There are 2 protein chains.
Amino acid sequence: MFSHRAQVHRVFHALGDPTRRAIVERLSTGAVSVSSLAKPLDISVAAVVQHLQVLERSGLVRTTKVGRVRTCRIEPGGLTIAERWIEERRSQWERRLDRLGALLESEET
Amino acid sequence: MFSHRAQVHRVFHALGDPTRRAIVERLSTGAVSVSSLAKPLDISVAAVVQHLQVLERSGLVRTTKVGRVRTCRIEPGGLTIAERWIEERRSQWERRLDRLGALLESEET
């Protein structure tokens with residue numbers, strides 16, 4: 001349980017930063033090298049590397065190094081963790097609404 | 001477009017904090033007052049109020065005051081914004097995989 005909470009935390013912490021979301025947005029359209037990731041974001045390669053470490057730990061991004069080039073890819077598992085947390089909240093909230101609706105109906109009859 | 005980006009930012013910034021996620025988790029199971037929100041979280045009412053302001057601005061939570069009691073409720077619109085952002089990333093990524101698959105097939109024939 002703790003480990004799942006920790007995973008959820010890492011994913012939402014990672015997505016809480018606009019630069020890291022921009023990286024995830026970019027990588028959704030295809031794999032790129034670290035340096036070509038840095039250019040349009042207008043930040044240093046060192047800063048990108050730091051953000052990538054947070055994204056890798058959260059399971060949102062995977063990087064592989066071939067020779068001197070490190071390539072970054074989206075890792076769908078991280079997105080799934082965030083999606084499930086949101087779905088759980090929504091379904092709890094909807095069940096609650098259903099119960100309230102049933103209660104109101106039973107009071108009317 | 002800017003306004004949508006700003007909304008996405010407010011939602012993910014709000015969800016990036018573990019206390020604010022705990023508030024959203026609690027509110028998914030039903031509406032509560034600010035003071036009963038503070039107790040199990042073991043933080044001051046003042047701290048809860050600050051977190052609630054961030055959550056209200058993001059559209060994840062709505063609060064209403066009757067007399068001296070402020071009641072907090074989940075607002076599903078905020079969750080929808082986060083869900084859609086994630087879905088867009090996933091569908092971009094899947095379309096990219098489909099194109100790669102088609103490319104590989106056409107090269108094999």
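The structure we're discussing is the one just above.
A short tour of the structure in this document, coming up. (Residues numbered from 1 in each chain as written. Chains lettered and ligands numbered in written order. Predicted model: local features only at pLDDT ≥ 70, side-chain atom pairs only at ≥ 80, totals over all residues. Heavy atoms only, no water.)

**Side note on the overall build of chain A**
1) Next: Scanning chain A from terminus to terminus reveals five helices and three strands.
2) Next: The linear arrangement of helices and strands in chain A, starting from the amino end, is α-α-β-α-α-β-β-α.
3) Next: Computed over C-alpha atoms, the radius of gyration of chain A comes to 20 Å, more than 25% over the 13 Å expected from 2.2 N^0.38 for 109 residues, which places it beyond the range of a compact globule.
4) Next: C-alpha extents for chain A along the principal axes are approximately 75 × 30 × 20 Å. (Helix = DSSP H or I, 4+ residues; strand = E, 2+ residues; numbered from the N terminus. Rg over C-alpha atoms; globule rule 2.2 N^0.38 Å.)

**A word on the sheet that holds strand E1 (residues 32–33) of chain B**
Residues and elements named next belong to chain B.
1) Next: With antiparallel pairing, the three strands of this open sheet are ordered in space as E1-E3-E2. Where the open sheet ends on each side, the last strands, each with one partner, are E1 and strand E2 (61–66).
2) Next: Pairing analysis gives two bridges linking E1 to strand E3 (residues 69–74), with the strands arranged antiparallel. Directly across from Ser-33, in E3, lies its bridge partner Thr-71.
3) Next: Packed onto the sheet, helix H2 (residues 18–28) meets E1, E2 and E3 and runs at close to 90 degrees relative to E3.
4) Next: Strand contacts of helix H4 (residues 45–58): E2 and E3, with the helix running at about 120 degrees to E2, the strand carrying the most contacts. (Pairing = 2+ DSSP bridges. Contact = heavy atoms within 4.5 Å. Axes fitted to C-alpha atoms, helices over the stretch in contact; angles between N-to-C directions.)

**Some remarks on the pattern of salt bridges**
1) Next: Taken as a whole, this structure holds eight salt bridges over all chains when the rule is applied.
2) Next: Of the charged contacts in the structure, one is a salt bridge between Glu-83 of chain A and Arg-90 of chain B, with a shortest N-O distance of 2.7 Å. Of this pair, Glu-83 of chain A sits in helix H5 (residues 76–108) while Arg-90 of chain B sits in helix H5 (residues 76–108), which puts the two residues in different chains. Of the two residues examined, Glu-83 of chain A and Arg-90 of chain B, each falls in the buried class.
3) Next: Measuring nitrogen to oxygen at the nearest pair gives 3.7 Å for the salt bridge that ties Glu-88 of chain A to Arg-89 of chain A.
4) Next: Look at Glu-88 of chain A and you get partly exposed, because its relative accessible area is 37%. (Salt bridge = Lys/Arg side-chain N within 4 Å of Asp/Glu carboxyl O. Buried < 20%, exposed > 50% of the residue type's maximum accessible area, 1.4 Å probe, protein only.)

**Describing the pairing of strand E3 (residues 69–74) of chain A**
Residues and elements named next belong to chain A.
1) Next: Sheet analysis places strand E2 (residues 61–66) next to E3, joined by six bridges and oriented antiparallel. Looking at the pairing, Val-66 lines up with Val-69 of E3.
2) Next: A loop of two residues connects E2 with E3, the two strands running antiparallel in sequence, and Gly-67 in this loop sits at a positive phi of about 65 degrees.

**Looking at the interface of chain A and chain B**
1) Next: In this complex, chain A contributes 28 residues to the contact, which on the side of chain B involves 28 residues.
2) Next: In total, chain A and chain B occlude about 2900 Å² of area from one another, counting both sides; carbon and sulfur atoms represent 61% of this.
3) Next: The largest contributions to the chain A side of the interface with chain B come from Trp-85, Arg-90 and Trp-93 of chain A, which together make up 19% of the buried area.
4) Next: If you look at where chain A meets chain B, you find four salt bridges.
5) Next: Among the salt bridges present, the one from Arg-5 of chain A reaches Glu-25 of chain B, with a minimum N-O distance of 3.1 Å.
6) Next: Where chain A touches chain B, the interface holds twelve residue pairs in polar contact (both at pLDDT 80 or more).
7) Next: Counting residues per element, the ones that place at least two in the side of chain A that touches chain B are helix H1 (2–15), helix H2 (18–28) and H5 of chain A.
8) Next: In terms of residues, the side of chain A that touches chain B owes the most to one element, H5 of chain A, which gives 13 residues.
9) Next: In the side of chain A that touches chain B, the residues fall into twelve nonpolar, eight polar and eight charged. (Buried area = accessible area lost by both parts, 1.4 Å probe. Polar contact = N/O pair within 3.5 Å; in protein donor to acceptor, adjacent residues only side chain to side chain. Nonpolar A, V, L, I, M, F, W, Y, C, P; charged D, E, K, R; others polar.)

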